[in-house]
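So you can see what is in the structure, the chains are spelled out below.
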Amino acid sequence: MTYAIDGWFAISPEDGVHLLGTSCTACGTITFPPRPGSCPNPRCASTDTQVRPLPRRGRVWSYTNACYPPPAPYVAADPYVPVTLAAVELDEVGIVVLGQVKGLTADQLQVGMELELTSGPLADGPLVWMWGRAS
Amino acid sequence: MHPWGKWGRPFLEYGVAAARAALRDAGLEWTDVQYVVGADTIRNGYPGFVSGASYARELGWSGARVASCYAACASGAQALDIARARILAGLCDVALVIGADATPKGFFKPVGGDRPDDPDWLRFRLLGATNPAYFALYARRRMALYGSTSADFAAVKVKNALAGSLNPMARYRKPVTAEEVLASPMVADPLRLMDICATSDGGAAVVLASEEYARRRGTGFVRLAAVSTVTPLFPNTVLELPDFATDSCAAVPAPERPFRAAITHAAYEEAGVGPDDLSLAEVYDLSTALELDWMEDLGLCPPGEAEKLLRDGRTALGGRVPVNPSGGLASFGEAIPAQAIAQLVELATQLRGRAGARQTANARVGLAANQGLFGHGSAIIATV
């Protein structure tokens, strides 16, 4: 399996797809994408962060689609199928994460709806995290 | 200014035309200018990256002090801020600030090459998330929170197109109907082609001077009462271009004032005025829906009530506080380094009573606000 980006998500047969964030050992701030090094909280001087898997579910903060093919470096499928995007507020950690949506169109989404993390291939093959219907 | 459009000529030509127009308006010669600041364009090669010197060369090497700066959509405001700070520090009396761009057709794209350490490059590569996609996320969120409709968004375009039809510098000068907006192709649900600003060529420039210099040499001037350029406060809980995620509010609660409201608040504090004092405002209508968000971030009304002000005509020409009387980005399109400067040109034109058919009666205080990539925000307040 080739990932479209290393270190941002992981797929395991037991636990499914997880986004990987960092958490600050001093103040508990969670960050995605993972941010090794300094804590993003300006009142926390800690440089001790740990990578941790983030909750797999959340609620739609907002959503849209791309009716026209996005420009490079996006590789559009041919024929083009509109990409659906959702920004999802993760349970527990208070982060909104943007991702492509798999298997649902914009018409089928609603703000507040629960989604679950999954993965899918970009048009040229590598895997990326995606939001999918909650099981 | 140089008229905005899709002219297909070098950005320097637009910037120099705008600079000469600004100098003419101020009654000054290029050789009077002690400090020239260029707002950079990243699409136009090395001359764009060192735009201050590029404009200076086009105008003729004069030995002026020079600076160039890039802050995405806030570039023009930062260029103004640099010049203003130098004048206020007593290091010079008169400065020329220039911004211009020549844009390709279609979506803005990240800088080329294979650059997986750049979030702006990655958001396209991993998600295909264009700028309109972010505008659409805000628009859909607004619909969910406040019940805004596509008809509300279309009404913003109708208002701005009417104002733009009266502005000889605007690219689009034809009034439009709500039906036309609602029939235009969907780009990023719920935003249609006519809800989203185009990419344009254009240029804008202003002459800034110390008060003493302006009184001695000026031909009618306005006061630049505030230039706020601020970052968001942690945790920024609104998804920001080009980010993949917001900050977490799990350990630290979200700030009282979100980013856009903080930008305008800083300008109000610096100028010593408030929303009630505004005669007019120019805001970043990258999308029709975003103008409604900005009205609330300006403090013109509480969250969720912008549609009411719009429907009552309070933000139209002749209303209590015209918003985007220039026609806004809806009528101009984006020419990134020129935008914030163009906003100030509109404020100055209105405050000097020179806006013709789109003139705001008795304009005394104007605010212009915008937001740049990666957490650059800026607002400008000008007064008579």
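Computed from a predicted model, the values in this text were never measured in an experiment. (Residues numbered from 1 in each chain as written. Chains lettered and ligands numbered in written order. Predicted model: local features only at pLDDT ≥ 70, side-chain atom pairs only at ≥ 80, totals over all residues. Heavy atoms only, no water.)

Caption draft 1: Molecular detail of the overall build of chain A. When you go through chain A residue by residue, the secondary structure sums to 0 helices and 9 strands. Going residue by residue from the N terminus, the α and β elements of chain A occur as β-β-β-β-β-β-β-β-β. Computed over the C-alpha atoms, the radius of gyration of chain A is 16 Å, within 12% of the 14 Å expected from 2.2 N^0.38 for a compact globule of 135 residues. Projected onto its principal axes, the C-alpha positions of chain A cover 50 × 30 × 30 Å. (Helix = DSSP H or I, 4+ residues; strand = E, 2+ residues; numbered from the N terminus. Rg over C-alpha atoms; globule rule 2.2 N^0.38 Å.)

Caption draft 2: Inspection of the packing of helix α4 (residues 75-88) of chain B against helix α14 (residues 336-351) of chain B at higher detail. Residue and element names in this part refer to chain B. The geometry of α4 relative to α14 is characterised by a closest axis approach of 5 Å and an angle of 65° between their N-to-C directions. Judged by the inter-axis angle, α4 sits roughly perpendicular to α14. Judged by residue contacts, S75, G76, A77 and L80 of α4 engage P337, A340, I341 and L344 from α14. Taken together, the residues of the contact of α4 with α14 sort by class into 6 nonpolar, 2 polar and no charged. (Axes fitted to C-alpha atoms, helices over the stretch in contact; angles between N-to-C directions. Parallel < 35°, antiparallel > 145°, perpendicular 65-115°, else oblique. Contact = heavy atoms within 4.5 Å. Nonpolar A, V, L, I, M, F, W, Y, C, P; charged D, E, K, R; others polar.)

Caption draft 3: A look at the UniProt feature "domain: ChsH2 C-terminal OB-fold" (unreviewed entry) in chain A. Per the UniProt record, the feature "domain: ChsH2 C-terminal OB-fold" (unreviewed entry) sits at residues 52-117 of chain A. End C-alpha to end C-alpha, residues 52-117 of chain A measures 15 Å, and it is 0% helix and 45% strand. (UniProt positions renumbered as here; feature names shortened; annotations may be inferred.)

Caption draft 4: Representation of the packing of helix α6 (residues 131-146) of chain B against helix α11 (residues 288-297) of chain B within the structure. Residues and elements named next belong to chain B. Put simply, α6 and α11 touch, their axes get as near as 9 Å, and they point 60° apart. Here α6 is positioned oblique relative to α11, judged by the angle of their axes. When the axes of α6 and α11 are compared, the crossing they make is left-handed. In this structure, α6 uses Y138, A139, R142 and Y146 to contact α11, whose residues at the interface are A289, L290, L292, D293 and E296. (Left-handed = near helix turned anticlockwise from the far one by under 90°.)

Caption draft 5: View of empty space enclosed by the protein. Across all of its chains, the model carries 2 cavities of 30 Å³ or more by this definition. As a volume, the largest cavity reaches approximately 40 Å³. In this structure, the largest cavity is lined by V156, K157, N160, M194, D195, I196, C197, D285, L286, S287, T288 and A330 of chain B. It is helix α7 (residues 150-164) of chain B that contributes the most residues to the lining of the largest cavity, 3 residues altogether. Estimated volume of the second largest cavity: approximately 40 Å³. In terms of lining residues, the second largest cavity is bounded by N65, A66 and Y68 of chain A together with F107, G128, T130, A133, V187 and A188 of chain B. Listing elements by their share of the lining of the second largest cavity, those giving two or more residues are β5 (57-66) of chain A together with β5 (186-188) of chain B. In the lining of the second largest cavity, the residues fall into 6 nonpolar, 3 polar and no charged. (1 Å grid on protein atoms, 1.4 Å probe; cavity = no way out; pocket = protein on both sides within 12 Å on 5 of 7 lines; lining within 4 Å. Points joined across faces, edges and corners; volume = space filled by probe spheres on them.)

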